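A look at the structure
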Amino acid sequence: MAAAKKAVLGPLVGAVDQGTSSTRFLVFNSKTAELLSHHQVEIKQEFPREGWVEQDPKEILHSVYECIEKTCEKLGQLNIDISNIKAIGVSNQRETTVVWDKLTGEPLYNAVAAPVSPGPSDPVAVVASGSSVPAAGASSVWLDLRTQSTVESLSKRIPGNNNFVKSKTGLPLSTYFSAVKLRWLLDNVRKVQKAVEEDRALFGTVDSWLIWSLTGGASGGVHCTDVTNASRTMLFNIHSLEWDKELCEFFEIPMKILPNVRSSSEIYGLMKISHSLKAGALEGVPISGCLGDQSAALVGQMCFQDGQAKNTYGTGCFLLCNTGRKCVFSEHGLLTTVAYKLGRDKPVYYALEGSVAIAGAVIRWLRDNLGIIKTSEEIEKLAKEVGTSYGCYFVPAFSGLYAPYWEPSARGIICGLTQFTNKCHIAFAALEAVCFQTREILDAMNRDCGIPLSHLQVDGGMTNNKILMQLQADILYIPVVKPSMPETTALGAAMAAGAAEGVGVWSLEPEDLSAVTMERFEPQINAEESEIRYSTWKKAVMKSMGWVTTQSSESGDPSIFCSLPLGFFIVSSMVMLIGARYLSGMP
């Protein structure tokens, strides 16, 4: 039996897939790309104040340990020898920001993360009333809005005719990216300030925190990141592939706390896991792949050619189009980012990216906040009952609109309601909203690249919803193609790790890549109907804009007068004064 096992299985590669809501460890056969086993652990998100989203970096790290341990146990039960695991790759939620003490290994603050506003079932951190910042030991998640005032202040310092931030990074100045989160931590958290002054602080996105911790932590851990994660910080020059001195000076970020930037596929260090865990069996295995989650999905979907694109449906949607070895700067609100660099001496590839902030999160909102479904899977059943939104449109701009609008003043609306509208129509409209937002990004991408997509490759948990996939094909009016093996993000990280120099167990040559079976969804409505629905959606989006400003009632000012226009106040005062004088002159 053991001989048969060894004859079937080639070298194995593991992948840590660390996301905003869960952590997973998956093991693949490097010769067939077959998923052999995996384990998943949910992680908490904390909401210490409205618009603040955080996660505990230590909980993230321990969830990685647990997933590795449980997956190794499952492999043992399958009679698979874990000594066959030859490399480990890391894929991670990107812009989330962590700062930690390099002497103790302790986080200096929570990681700042990416959900919708907390619902009744979401965990809420307990913070003392009136506290200006949450307790230490957490991280800044990508949809966190606390840095809006920081962004507004910084934007005033960028000359209108020389947006050097965008020209160097490919990114707009936004709360979304790591630099402003790090600036906020340096401005507001004394523990971070003190550690920087004493040369104890290290900064990183989640990949850096994990690789440093897994390769020894305070006892010789490797402080590094890869080009894809670095390109999401707003401190990295995507042309020179280095931290940029001018950008660091602009954001006032000390360069000494930044990680070393490496390629996406090389040996960074060897695993040194706590001996209290059975997963210590993987000690000495090289960590040799690192990609931000969306770049990992692009690699996992094997989008290695110019013009190939994929859309990942998760908490949000992320659409990436490979633009090859040239940077394409968007005229339509998209980001220019690093797609991958698969080896020290290999060329860098770039991508255009558009993100939908709220995708799967809108389903959770319907479940947790409105209670119209008990499980996320129920939405497909509700939508199927009616097969239409009956003119109802849902714009889930809970934290503003991202690509292609980048409009922080927008807020969510449900419009087109009639007495006939019921929860089934709202459920259908929620699924349509995901598809309409994807179309907006795809239209912008087509205009920037000049080459319309012939089909869209998709992945992520929401792709199990067949109604959603069919709606997407109808609204895009091109086929939607879904791989039968949905774990493309983890697969991409495993491919990068297995292909690294010094590991060499996974070939990325086109003739060696395993063929993947696909499910295909063709458009089933006519083009005219698709366009009418899309134009009505655009009208709804315009209605969602301009709801809030920095000084609006969202800031907590209950005074009704703060919303009265100054002109109305002056005119009404004059009317009252004239009236009083007139009355006082009467007999």
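Only a predicted model underlies this, so the values are computations on that prediction, with no experimental measurement involved. (Residues numbered from 1 in each chain as written. Predicted model: local features only at pLDDT ≥ 70, side-chain atom pairs only at ≥ 80, totals over all residues. Heavy atoms only, no water.)

Among the structural elements, glutamine 18 can be located in strand S1 (residues 12-18). Not counting chain neighbours up to four residues away, the residues in contact with glutamine 18 comprise Thr23, Ile43, Ile60, Ser91, Asn92, Gln93, Val206 and Leu210. (Helix = DSSP H or I, 4+ residues; strand = E, 2+ residues; numbered from the N terminus. Contact = heavy atoms within 4.5 Å.)

Turning our attention to the packing of helix H13 (residues 423-449) against helix H14 (residues 466-476). Relative orientation of the contacting elements H13 and H14 amounts to 45 degrees, with a least axis distance of 9 Å. Here H14 runs oblique to H13, going by the angle between their axes. The two elements H13 and H14 meet at a crossing, and its hand is right-handed. Across from Phe428, Leu431, Glu432, Val434, Cys435, Phe436, Thr438, Arg439 and Leu442 in H13, the residues of H14 making contact are Ile467, Leu468, Leu471, Gln472, Ile475 and Leu476. (Axes fitted to C-alpha atoms, helices over the stretch in contact; angles between N-to-C directions. Parallel < 35°, antiparallel > 145°, perpendicular 65-115°, else oblique. Left-handed = near helix turned anticlockwise from the far one by under 90°.)

Moving on, we come to the pairing of strand S8 (residues 201-205). Summarising burial for S8: 5 of the 5 residues are buried, a large majority. In S8, alternate side chains face the same way, and those of Ala201, Phe203 and Thr205 on one face and Leu202 and Gly204 on the other are all buried. (Buried < 20%, exposed > 50% of the residue type's maximum accessible area, 1.4 Å probe, protein only.)

Below, the discussion takes up the pattern of salt bridges. Once their charged atoms are close, side chains differing in charge can pair, the charge on each being opposite to the other. Tallied over the entire structure, the rule returns 27 salt bridges. Close ionic contact of aspartate 199 with lysine 102 constitutes a salt bridge, the shortest N to O distance being 4.0 Å. A residue is classified by how much of its surface remains accessible, and aspartate 199, at 39% relative accessible area, is partly exposed. Measuring nitrogen to oxygen at the nearest pair gives 3.3 Å for the salt bridge that ties aspartate 443 to arginine 439. Taken together, the residues aspartate 443 and arginine 439, both in helix H13 and 4 residues apart, mark about one turn of the helix. (Salt bridge = Lys/Arg side-chain N within 4 Å of Asp/Glu carboxyl O.)

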